[in-house]
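# Overview (structure and organization)
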2 protein chains.
Amino acid sequence: MELMLAIGLLGLALVLGAFVAKIAEKFSIPDIPLLLLLGLLVGPILGIISSEEAGHIFEYVGPIGLIFILLGGSFTMRVSLLRKVLPTIIRLDIITLIISLIVSGIIFNLVLGLPPTNPAGFLFGAVTCATDPATLIPVFSKVKIDPKLAIILEAESIFNDPLGIVATSVVLGTLGLSHAKNPIIDFFVLSGGAIIAGIALAKIYEKIITHAKFHEYVAPLVIGGGMLLLYLGDYLLPNLTGYGFSGYMAIAIMALYLGDALFKRTENEEEYKYIVNFCDNLSLLARVLIFVFLGACISLDMLIKYFVPSLIIALGSIFLARPIGVFLGLIKSGHSIKELIYFALEGPRGVVPAALGVSTSILIKKNADKLPGFVTKYISANDLAGMILVATFMTILLSVILEASWAGILAKKLFGEYKGKSVH
Amino acid sequence: MELMLAIGLLGLALVLGAFVAKIAEKFSIPDIPLLLLLGLLVGPILGIISSEEAGHIFEYVGPIGLIFILLGGSFTMRVSLLRKVLPTIIRLDIITLIISLIVSGIIFNLVLGLPPTNPAGFLFGAVTCATDPATLIPVFSKVKIDPKLAIILEAESIFNDPLGIVATSVVLGTLGLSHAKNPIIDFFVLSGGAIIAGIALAKIYEKIITHAKFHEYVAPLVIGGGMLLLYLGDYLLPNLTGYGFSGYMAIAIMALYLGDALFKRTENEEEYKYIVNFCDNLSLLARVLIFVFLGACISLDMLIKYFVPSLIIALGSIFLARPIGVFLGLIKSGHSIKELIYFALEGPRGVVPAALGVSTSILIKKNADKLPGFVTKYISANDLAGMILVATFMTILLSVILEASWAGILAKKLFGEYKGKSVH
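So, a few notes on the structure that sits alongside this text.

Each value, and the rule that gives it
- Along each chain, residue indices are assigned from 1 in the same order as the chain's sequence is written.
- Written order determines the labels here, with chains lettered from A and ligands numbered from 1.
- The predicted nature of this model means local features are confined to residues of pLDDT at least 70 and side-chain atom pairs, given and counted, to a pLDDT of 80 or more, with totals for whole chains, interfaces and linings taken over all residues.
- With hydrogens and water set aside, each side-chain value is computed from the structure's full complement of heavy atoms.
- Should any heavy atoms of two residues lie within 4.5 Å, those residues are considered in contact.
- Two parts placed together each lose some accessible area; with a 1.4 Å probe, that loss summed over both constitutes the buried area.
- Only one rule defines a salt bridge in this text: a Lys or Arg side-chain nitrogen within 4 Å of an Asp or Glu carboxyl oxygen.
- Two N or O atoms form a polar contact when they lie within 3.5 Å of each other; inside protein one atom must be a possible hydrogen donor and the other a possible acceptor, and for residues adjacent in sequence the pair counts only when both atoms belong to side chains.
- The way it works is that DSSP assigns letters per residue, a run of H or I at least four long becomes a helix, a run of E at least two long becomes a strand, and they are numbered from the N terminus.
- Gly is placed with the polar residues, together with every amino acid not listed as nonpolar (Ala, Val, Leu, Ile, Met, Phe, Trp, Tyr, Cys and Pro) or charged (Asp, Glu, Lys and Arg).
- Expected helix span is computed as 1.5 Å times (number of residues minus one).
- One fitted axis covers the seven residues ending at a residue, a second covers the seven starting there, and the bend at that residue is the angle between these axes.
- Ring geometry is summarised as follows: Phe, Tyr and Trp rings, the Trp one being its six-membered ring, pair when their centres sit within 6.5 Å, and such pairs are stacked at plane angles under 30 degrees, edge-to-face over 60 and tilted between the two.
- By definition, being over a ring means that NZ of Lys or CZ of Arg is both within 6 Å of the ring centre and within 35 degrees of the ring normal.
- Superposition of the copies was done by least squares, using only C-alpha atoms of residues whose pLDDT is at least 70 in both.
- The buried label applies to any residue whose accessible area, calculated with a 1.4 Å probe on protein chains only, is under 20% of its type's maximum; exposed applies above 50%, and partly exposed to all values in between.
- Comment: axis = line fitted to C-alpha atoms, over the contacting stretch for helices; angle = value between 0 and 180 degrees taken between N-to-C directions.
- Throughout, a crossing is termed right-handed when the near helix is turned clockwise from the far one, and left-handed when it is turned anticlockwise from it by less than a right angle.
- Note on patches: the residues involved have over 30% relative accessible area and no salt bridge, like charges join within 9 Å, and the nonpolar side chains Val, Leu, Ile, Met, Phe, Trp and Tyr join within 5 Å.
- Methods summary: accessible areas were calculated by the Shrake-Rupley approach with a probe of 1.4 Å, and residue burial reflects only the protein chains presented.
- What makes a nonpolar core is a set of buried Ala, Val, Leu, Ile, Met, Phe, Trp, Tyr and Cys residues whose side-chain atoms join them at distances within 4.5 Å.

### Side note on the interface of chain A and chain B
Opposite the 48 residues of chain A that make contact, chain B presents 48 residues. Carbon and sulfur atoms supply 81% of the area buried between chain A and chain B, which totals about 4,400 Å² over both sides. By the criterion of area lost to chain B, the three top residues of chain A are Met4, Tyr217 and Tyr235 of chain A, representing 14% of everything that side buries. For the interface between chain A and chain B, the tally reads zero salt bridges. Summed over the shared surface of chain A and chain B, the result is four residue pairs in polar contact (both at pLDDT 80 or more). Per element, the largest residue contribution to the side of chain A that touches chain B is 15 residues, and it comes from helix α1 (residues 3-26) of chain A. Class assignment of the residues belonging to the side of chain A that touches chain B gives a composition of 34 nonpolar, six polar and eight charged.

So this is what it looks like as structure tokens:
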């Protein structure tokens, strides 16, 4: 694909996306559904962007955009706030994540007539298991609710972003589409390695930045560092040794620790603000592009063909998988039933499922011949790629529309009018 | 080339580039020479980045980086300041630019044994005719000099950026490497069209942004608009009608008018600051990448083979071409001889020649068979590509080192101690 054409399509998506986001802001509605519909409009409906072009651009925009989104999201999260709700976060980000992944997977398999435990379904479960900080944070800046509950949901959503990516690469491994031996060991190697690598780079950067002021050069330093982590964990180490770590998760951990360290030192306020502002701006660009190109990736044929099963799967993911995951994950955690209901119904999916949905779908199409017999016996590579794309699209669209709309109403019904200070 | 490898190399360039830029700042020296040498180090000397990889990455980084650099550079230039020195700027950016292009071209041809007026030389002249705002602005924030002189050199350098790009595409046209009929008509069509398109988009955006506050969404709006101008002028229109306009010049004009309009309205201060900060940060990243990858594009063989002719050409460009251009361009302009000497010796080349040098060199290699006989009779495509790359590298390196070092000394010698307020 010619670079100039790609620049034109990117420009179009950014300009129209800015208008759509502005409209969403004006009417106080979340921008994700409108951006997805904008993608459908310029893609399959008007045919300005073909689904091939959208897919091709996504192969660059998705992976690079996620770097900025994870950097920006984790950099402003405070470790001290996190510590207070840590037991709940760990349960939500491990037990709830895995259970809702499995339940979503079973629903996906049952709807499509595959055996319940077929890995094909778990792939969909992994793609859609991460909840979205970029949806939750604006929601809780408007909804009056106990800050502790808001922080739990926001922190959960920040950390399940990299974990959703790790989970997806583990399931891809069981399908022979990435390096993998044992999914459970993989999960811990990938995330454990990421924690070590991320903290190590954060400590090195902390020493460097507190020793010598980097001013505006802190931006290339931190962004470049994130890129190196991704390259090291996901490419160089696996190719050299057969073992790697999740680069995306390492980026999130690095940003969390470095952000916290710089935030605490008033003499590094300038550097802190540089990184926050720049990553926020880059994340905004990346979000607009990821949602618009997800919409544009879908062809009209696919949308019609997979609409009904995707709708059922999306509703199952929202009303069954997430609630079961939350209730089992937080059993005997000291949270009230009302709090559990609120957590269960506030897990909007967003930019990470969007990015993973498209890249996974492209990966399956490209490696159709490598897909194992225990999958292709039941579903063709093409149908699996299409189903994952459309079902992910529907899950994001519905979860954001529903859960952002009822966030305030539900809080009032469950907890009454909240009189204290809100979180943002 | 795999995306993950590209991400790794980009990350490496950004991290090392940040350190090098920090070192340059500490010792108050310009960062460009150090970034170029860093490129040589990671490229040909240590072999971490091969010249093929660097060239491949440059095909994306160069064109996209220039968008941000032109947006950022023009957005903060004030039309009112410009008006005061407009006659001088117009002469410098048209007459001086064309004469120094021609003289550089003749020197290039003579050194390499080509007929003096061979277009091959003018290609080098066009690539290296733009002076660099990013070098001049920090220089004049330290050197005490009449602000009028500093503004003239800075404004000249901002507007000859897009004109250098237009000139290069015109000369490429005479070599059959881009659409072109008549170079002089082309120059005016490309730049005239760009002025109209740029002002039109600026007026539309001014209406929209002053009507409805865009807050952070102003960044995708303006950057996306710049991308659309580039696509429209350099790709869609030429492909549809055979005529286009310079997209890069349109971006600079759009940013100049929009920046001026938003700056004047206090109610748009927020939007103005958003765009300035974001473009500054993106430009910084783009500059680091452009200089490092220019250095890395050069192979050791090439450097040795073309070193001596490149050195002579670079010195000719600095000490003959630019001075002749300035003196002829500003004849009877009311400027004193001392001012002319200062203008003549302060024209450091920077990021635009770097980007053009690499892309032109790649273009020549890719289209070796299309190069006309009146060029290949004297020099092979490979040698021309290599000479343009190495001579551009040397011209940037020497002009920045020399002209940034003597800027203060020369000002004191020519004009004595300046007591008034400086420009920055």
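### Side note on helix α5 (residues 86-111) of chain B
Residues and elements named next belong to chain B. The first and last C-alpha atoms of α5 sit 36 Å apart over 26 residues, in line with the 38 Å expected at 1.5 Å per residue. Threonine 96 marks where α5 bends most, by close to 30 degrees. In the stretch just after α5, glycine 113 is the one whose phi turns positive, near 75 degrees.

### Looking at the packing of aromatic side chains
How two aromatic rings sit relative to each other is set out by the distance from centre to centre and by the angle between their planes. Scanning all chains against the criterion turns up 18 aromatic pairs over all chains. Arranged with centres 5.6 Å apart and planes meeting at 80 degrees, the rings of phenylalanine 187 of chain B and phenylalanine 188 of chain B form a pair that is edge-to-face. Taken together, Phe75, Phe263 and Tyr272 of chain A form an aromatic cluster joined through their ring pairs. One Lys or Arg, lysine 22 of chain A, reaches over the ring of phenylalanine 214 of chain B and ends 6.0 Å from the middle of that ring. The side chain of arginine 78 of chain B reaches across the aromatic face of phenylalanine 263 of chain B, ending 4.2 Å from its centre.

### Brief notes about the relation of the copies chain A and chain B
Both copies of the chain are related by one operation, a rotation about an axis with a shift along it. For the pair chain A and chain B, the best superposition has an RMSD of 0.0 Å and corresponds to a rotation of 180 degrees with a translation of 0.0 Å parallel to the axis. When the rotation and shift are considered jointly, the pair of chain copies conforms to a two-fold rotation axis. Every residue of chain A has its C-alpha some distance from the rotation axis, and the shortest such distance is that of phenylalanine 278 of chain A, at 3.2 Å. Most of the interface of chain A is mirrored in chain B, where 100% of its interface residues again form contacts.

### Considering helix α6 (residues 119-127) of chain A
All names here are of chain A. Extensive coverage of α6 is indicated by the burial of nine of its nine residues. Among the residues of α6, those classed as buried are Pro119, Ala120, Gly121, Phe122, Leu123, Phe124, Gly125, Ala126 and Val127. Capping the start of α6, asparagine 118 holds a side-chain oxygen 3.0 Å from the backbone nitrogen of alanine 120, two or three residues further along.

### With respect to the packing of helix α9 (residues 183-211) of chain B against helix α11 (residues 247-264) of chain B
Residue and element names in this part refer to chain B. Where α9 contacts α11, the two axes come as close as 7 Å, and the packing angle between them is 35 degrees. Crossing angle aside, the handedness with which α9 passes α11 is right-handed. Facing Ser191, Ala194, Ile195, Ala197, Gly198, Ile199, Leu201, Ala202, Tyr205, Glu206 and Ile209 of α9, the residues of α11 in contact are Met249, Ala250, Ile253, Met254, Tyr257, Leu258, Ala261 and Leu262. Considering only residue class, the contact of α9 with α11 consists of 16 nonpolar, two polar and one charged.

### Focus: the side chain of glutamate 346 of chain B
On the secondary structure map, glutamate 346 of chain B appears in the loop between α14 (337-345) and α15 (351-366). Within the structure, the side chain of glutamate 346 of chain B is placed 3.2 Å from the side chain of tryptophan 406 of chain B, a separation counted as a polar contact.

### Focus on the environment of asparagine 268 of chain B
Residues and elements named next belong to chain B. Here asparagine 268 lies in the loop between α11 and α12 (269-297). Relative accessible area serves as the criterion here: at 1%, asparagine 268 is assigned to the buried category. Among all residues touching asparagine 268, those that are not within four sequence positions of it are Ile209, Thr210, Lys213 and Leu262. Side-chain polar atoms of asparagine 268 contact the backbone oxygen of isoleucine 209, separated by 3.5 Å.

### Comments concerning the pattern of salt bridges
Residue and element names in this part refer to chain A. Per the counting criterion, the structure on display carries 20 salt bridges over all chains. The salt bridge partner of lysine 22 is glutamate 25, with a shortest N-O separation of 3.3 Å. Of this pair, lysine 22 and glutamate 25 are both found in helix α1, three residues apart, which corresponds to roughly one turn of the helix. For arginine 287, the salt bridge goes to aspartate 31, with nearest N and O atoms at 3.3 Å. Of the two residues, arginine 287 sits in helix α12 (residues 269-297) while aspartate 31 sits in helix α2 (residues 31-45), which places them 256 residues apart along the sequence.

### With respect to a nonpolar patch on the surface
Residue and element names in this part refer to chain A. Side chains of Leu41, Ile45, Leu46, Ile48, Leu300 and Ile304 sit close together on the surface and give an oily, nonpolar patch of about 580 Å² of accessible area. Of all elements in the fold, only α2 and α13 (300-329) reach the threshold of two or more residues within the nonpolar patch. Residue placement: leucine 46 occurs in the loop between α2 and α3 (51-75). What makes leucine 46 exposed here is its relative accessible area of 54%.

### Focus on the nonpolar core
Across soluble globular proteins, nonpolar side chains show a tendency to be buried alongside one another. Membership of the largest hydrophobic core comes to 264 residues, with the highest contact counts inside it found for Phe293 of chain A together with Phe293 of chain B. Beyond its immediate stretch of four places on either side in the chain, phenylalanine 293 of chain B contacts Leu9, Leu10, Ala13, Ile49, Ala54, Ile57 and Phe58 of chain B.

### Describing the environment of lysine 144 of chain B
Residue and element names in this part refer to chain B. You can see lysine 144 is positioned in the loop between α7 (133-142) and α8 (147-174). A relative accessible area of 48% means that lysine 144 is categorised as partly exposed. Once the C-alpha coordinates of lysine 144 and lysine 412 are considered, the two residues, 268 residues apart in sequence, prove to be 8.5 Å apart. Those residues in contact with lysine 144 that lie beyond four places of it in its chain are Tyr418 and Gly420.

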